[in-house]
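An overview of the molecular structure
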Amino acid sequence: MVSRSYSNLLELASGEGPSPSLGRMSRRIPRVMTVPGIISDLDGDPSESVCSDDISSVAQPDRLIIVANQLPIRAQRNTDGSTGWIFSWDETSLLLQLKEGLGDDDIEVFYVGTLKEEIPTNEQDEVSQILLETFKCVPTFLPPDLYSRYYHGFCKQQLWPLFHYMLPLSPDLGGRFNRSLWQAYVSVNKIFADRIMEVINPEDDFVWIHDYHLMVLPTFLRKRFNRVKLGFFLHSPFPSSEIYKTLPIREELLRALLNSDLIGFHTFDYARHFLSCCSRMLGLSYESKRGYIGLEYYGRTVSIKILPVGIHMSQLQSVLNLPETEAKVADLMTQFRDQGKIMLLGVDDMDIFKGISLKLLAMEQLLVQHPEWQGKVVLVQIALPARGRGKDVKEVQAETDSTVKRINDTFGKPGYEPVILIDQPLKFYERIAYYVAAECCLVTAVRDGMNLIPYEYIISRQGNERLDQVLGMTSNTPKKSMLVVSEFIGCSPSLSGAIRVNPWNIDVVAEAMDCALEMAEPEKQLRHEKHYRYVSTHDVGYWARSFLQDLERTCKDHVGRRCWGIGFGLSFRVVALDPNFKKLSMEHIVSAYKRTTTRAILLDYDGTLMPQCAIDKSPTPKTIEVLNNLCRDKNNMVFIVSARSRNTLSEWFSACENLGIGAEHGFFFRLNKHAEWETCAPVVDCSWKQIAEPVMKLYTETTDGSTIEDKETAAVWCYEDADPDFGSCQAKELLDHLESVLANEPVTVKSGQNVVEVKPQGVSKGLVAKRLLSTMQEKGIIPDFVLCIGDDRSDEDMFEVITSTIAGETIASKTEVFECTVGKKPSKAKYYLDDTVEIVRLMQGLASVSEQAVLEISY
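Here's the deal with the overall build of the protein
- Assigned secondary structure in the protein consists of 28 helices and 32 strands.
- Dimensions of the protein, computed from C-alpha atoms along their principal axes, come out at roughly 110 × 75 × 50 Å.
- Considering the protein as a whole, with its 859 residues, one finds that 55% of them fall into the buried category.
- Counting only contacts in the protein whose residues sit at least 6 apart along the sequence, the fraction spanning at least 24 positions is 72%.
- About 36600 Å² of surface is accessible on the protein, with carbon and sulfur atoms providing 50% of the total.
- Looking at the protein, you have 92 positive and 116 negative side-chain charges, and the mean spots of the two groups are 2 Å apart.

Here you go:
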């Protein structure tokens, strides 16, 4: 199936329609960039983004665009002397394995990324053509200088160390933040976006971006197409908030990632750190609904996926079936087992986070503490080439070489080398052969995003019949494997049968190695069976299908939503709201206000008339003046409805003679300053406070920054000034604790914005709205204008009461009703205003109309 493409906007504008074939379309694909430079088109007008108000159904993901730093392609020059290139798939690439793992011919997969080889400018058009038509790959060509600053500069010297918990405390420890490298990173992400635009059909295609190289790409895509179906998977660790917040562009990266629909992580720890950063730096909270974790971000739900990647089972099994693998295993058996030696195996990249030197020190310690293994145990360390370059890589190589030499000099003897270091490139089948022959695999990285080496080892040890014969086993012999893994790698949580170690503790790692060697055969077999069952069922296909399934589920929310972009540069984000949810127009409400004569106005206080972050919560003189101008209008009944106590509200609004007040969520109610206080609910016995207050005091003592507010009928525990993560955690515990001890009392326990509140059952702000409307009805008054404004969950009760009584006895069907919430968020209200500043401006506008009307009457 060939999807419609937006690659040629001129064709669409002229009505000629889309290109009939990708082949012909590819001939028009321009080179993205042929000279070095920084893209400055970052602060364009957000109104230029495509705002899709037309509703289209979410189709099955029949086309998927996979975007990563590198294409899964090998390229080499023709060796016969002719010009041109030879291209082939890179079978070891996770991106290719992902496609094969899906195993669905109905899904058409395109790739966007760079090539490892530099293609001369005059050959880029031809290479683009070949790769698109033959491999469905769209190459992104970058000038060498720009690529170096982007990849070797920002990615490898700044992001990668920080994400692996390495702070640039000195110039030698990681790279200090460099603004020019950051600009190169942004520029490259922009170039990737341009390439994607050439092949994407934004209404149907799904886009899956991979890893930290392209973290700001979601913003560029979301800016172009507000409804793009976009997933992002981070293959590295995500650091704790204490580490991440040292990054100068921390908020830009978070906001860019939040322009995705689904964000994937290998482990819960990585996801938890990301959510904590969103909470601490952006003030966002997450919810878990029916097993799915989601963040509400400007009306959009950004889902969080936690699932470690798997291996390509069929590919690995095909390598195990190769005659070359069989022959190599036989050689290794001759070299080790037949000589009475046991092989321990390490396979790691030669970089500072893989812990090779720590592993070697543990091997040395094993030989010292357990001399019986001298002459018997051999550690084969395969050192794969480092992906980065720099001083740290050379230091690791030098330290590894010197440590291996020292161990072999100390414990070696004729015919026995305790450590064999293989730092030459190995073919994949050779590596698999080492897995098959190794008694135990050691993965002691000090920090690693995932690491699939243990998975490959487990499948290799399962083997096949021909390998069983080489190993001298029968087909009925139970398989076995042993793993010693660092607790700081992403695969560790899924390998519950492995011996988990702290790689920094050399003694513990050495003892783990001894334990793996000494362990009884039946237990080794049980551990292997458990691991094999998990790894074989959670392969790369399972991971890919699960991610795409969740991406499709998340993107169904696009249907029926109005979307538009706000903000500039990397602060760009999309607001997605219900089609009936609109911003309250000043002109609209003032017009309705002027032509109506009987008005009911209900206003929340905290977060509506007064910002939540204000230190002094008492009303300003301007607020008092606005309320008085509204109250002097004989056509108005104005109410402040708040969770605060009636004494506080009476004191604050003592200058407002005709202002009605609903206190403590509406339990207390009075029509004006001179009226008696009434109750909207039966008077309750507050003896429950004797139970609740000691519990609240306990949590106050253990939660720095929390306070207790004691009201006449309620009690509130507030953690606004506490650490957000700890306060939220304590609030959940307190909620459960109070619900348990107050189970038989006539109260409800609810959590709100930074509070946990205990109040009488049945009490809500909706009671005030109902009481006000019924009071007006008793006086023979049916309002023709109703305005209700609030900012949090408790105000939704007022909106619900007003909506349910429209066209009833208290509100006529022709009544002008304005329910308004503060901020763009899911609400039962039909309107919103952005913040308290806009609320106050609105009330000033209405007050000025009333003030003018009062003056006209007085004249």
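Some remarks on the packing of helix α13 (residues 356-369) against helix α14 (residues 391-411)
- The interhelical angle for the contact between α13 and α14, taken along N-to-C directions, is 10°, at an axis separation of 9 Å. Considered as vectors, α13 and α14 are oriented roughly parallel to each other. Together, Ile356, Ser357, Leu360, Leu361, Glu364, Leu367 and Val368 of α13 and Glu399, Thr400, Thr403, Val404, Arg406, Ile407 and Phe411 of α14 make up the contact between the two elements.

Focus on the confidence of the model for the protein
- Taken as a whole, the protein shows an average pLDDT of 87; of its residues, 91% reach a score of 70 or greater.
- Overall, residues 1-60 carries pLDDT values under 50, and its contacts beyond four positions in sequence, including any with other chains, amount to 132 contacts.

Digging into empty space enclosed by the protein
- Enumeration according to the criterion identifies 4 cavities of 30 Å³ or more in this entry.
- Taken as a whole, the largest cavity encloses approximately 100 Å³ of empty space.
- Lining the largest cavity are Arg222, Asn226, Arg227, Asp261, Arg300, Thr301, Thr554, Asp557, His558, Arg561, Cys563 and Ala576.
- Considered class by class, the residues forming the lining of the largest cavity number 2 nonpolar, 4 polar and 6 charged.

Quick look at the environment of serine 187
- If you trace the backbone, serine 187 turns up in helix α6 (residues 179-197).
- With 109 residues separating them in the primary sequence, serine 187 and asparagine 78 have C-alpha atoms 32 Å apart.

A closer look at the sheet that holds strand β28 (residues 747-752)
- In space, the 4 strands of this open sheet follow the order β26-β27-β29-β28, with antiparallel pairing throughout. Looking at which strands have only one partner, the edges of the open sheet turn out to be β26 (707-710) and β28. Taken pair by pair, the neighbouring strands of this sheet meet at an average axis angle of 15°, ignoring direction.
- Relative to strand β29 (residues 755-760), strand β27 (residues 715-718) runs antiparallel, the two being bridged by 4 bridges. Directly across from alanine 715, in β29, lies its bridge partner valine 758.
- Helix α24 (residues 689-702) contacts β26, β27 and β29 of the sheet and is inclined by roughly 155° relative to β26.

Overview of unusual backbone geometry
- One non-glycine residue, asparagine 451, lies in the positive phi region at around 75°.
- Using a relative accessible area of 10% as the deciding quantity, one classes asparagine 451 as buried.
- Although it is not a glycine, asparagine 754 sits at a positive phi angle of roughly 65°.
- In this structure, asparagine 754 sits in the loop between β28 and β29.

Quick word on the nonpolar core
- Counting residues in each nonpolar core, the largest one holds 184 residues, and the members touching the most others are Val67, Tyr185, Phe238, Leu253, Leu258 and Phe274.
- Broken down by element, the residue count for this core peaks at 11 residues, all from α6.
- Core analysis: the next-biggest nonpolar cluster, separate from the first, contains 65 residues, Ala614, Ile640, Phe668 and Ile789 among them.

Side note on the environment of phenylalanine 274
- Within the secondary structure, phenylalanine 274 is located in helix α10 (residues 268-282).
- With a relative accessible area of 0%, phenylalanine 274 lands in the buried category.
- Linking phenylalanine 274 and valine 329, residues 55 residues apart in sequence, is a C-alpha distance of 44 Å.
- Each residue touching phenylalanine 274, except ones within four places of it in the same chain, is listed here: Phe238, Leu254, Leu257, Leu258, Ile263, Phe265, Leu295 and Ile304.

What about the pattern of salt bridges?
- The tally for this structure, following the rule as stated, stands at 45 salt bridges.
- Note that glutamate 287 is salt-bridged to lysine 289, the shortest N-O span being 3.5 Å.
- Here glutamate 838 makes a salt bridge to lysine 583, at a shortest N to O gap of 3.1 Å. Of this pair, glutamate 838 sits in helix α28 (residues 836-858) while lysine 583 is found in strand β20 (residues 582-583), placing the two residues 255 residues apart along the sequence.
- When its relative accessible area of 17% is taken as the criterion, glutamate 838 is described as buried.
- For lysine 583, a relative accessible area of 38% puts it in the partly exposed group.
- Look at the salt bridges and you will find they share partners, linking Glu439, Lys480, Glu521 and Lys524 into a network.

Topic: the packing of aromatic side chains
- All chains considered together, the criterion is met by 32 aromatic pairs.
- Plain terms: the ring middles of phenylalanine 639 and phenylalanine 669 are 5.1 Å apart, the flat faces sit at 20° to each other, and that makes the pair stacked. With phenylalanine 639 in strand β22 (residues 636-641) and phenylalanine 669 in strand β24 (residues 668-670), this residue pair connects regions lying 30 residues apart in the sequence.
- Given a relative accessible area of 1%, phenylalanine 669 falls into the buried group.
- Through pairs of rings, three or more aromatic residues link up here, namely Tyr147, Tyr150, Tyr151, Phe154, Phe177, Trp182 and Tyr185.
- Lying across the ring of tyrosine 165, arginine 447 places its NZ or CZ 3.8 Å from the centre.

Brief notes about helix α16 (residues 453-462)
- When you tally the buried positions in α16, you get 9 out of 10 residues, the bulk of the element.
- Within α16 the residues assigned to the buried category are Ile453, Pro454, Tyr455, Glu456, Tyr457, Ile458, Ile459, Ser460 and Arg461.
- Buried-residue contacts for α16 involve α11 (313-320), β12 (342-349), α15 (428-437), β15 (440-443), β16 (483-486) and α19 (521-537).
- Glycine 463 lies just past α16 and shows a positive phi near 60°.

Calculation criteria
- Residues numbered from 1 in each chain as written.
- Predicted model: local features only at pLDDT ≥ 70, side-chain atom pairs only at ≥ 80, totals over all residues.
- Heavy atoms only, no water.
- Helix = DSSP H or I, 4+ residues; strand = E, 2+ residues; numbered from the N terminus.
- Buried < 20%, exposed > 50% of the residue type's maximum accessible area, 1.4 Å probe, protein only.
- Contact = heavy atoms within 4.5 Å.
- Areas by Shrake-Rupley, 256 points an atom, 1.4 Å probe, with all protein chains shown as cover.
- Lys, Arg positive; Asp, Glu negative; His and termini not counted.
- Charge placed at Lys NZ, Arg CZ, Asp CG, Glu CD.
- Axes fitted to C-alpha atoms, helices over the stretch in contact; angles between N-to-C directions.
- Parallel < 35°, antiparallel > 145°, perpendicular 65-115°, else oblique.
- pLDDT = per-residue confidence, 0-100.
- 1 Å grid on protein atoms, 1.4 Å probe; cavity = no way out; pocket = protein on both sides within 12 Å on 5 of 7 lines; lining within 4 Å.
- Points joined across faces, edges and corners; volume = space filled by probe spheres on them.
- Nonpolar A, V, L, I, M, F, W, Y, C, P; charged D, E, K, R; others polar.
- Pairing = 2+ DSSP bridges.
- Core = buried A, V, L, I, M, F, W, Y, C linked by side-chain atoms within 4.5 Å.
- Salt bridge = Lys/Arg side-chain N within 4 Å of Asp/Glu carboxyl O.
- Phe/Tyr/Trp six-rings, centres within 6.5 Å; stacked < 30°, edge-to-face > 60°.
- Lys NZ or Arg CZ within 6 Å of the ring centre and 35° of its normal.

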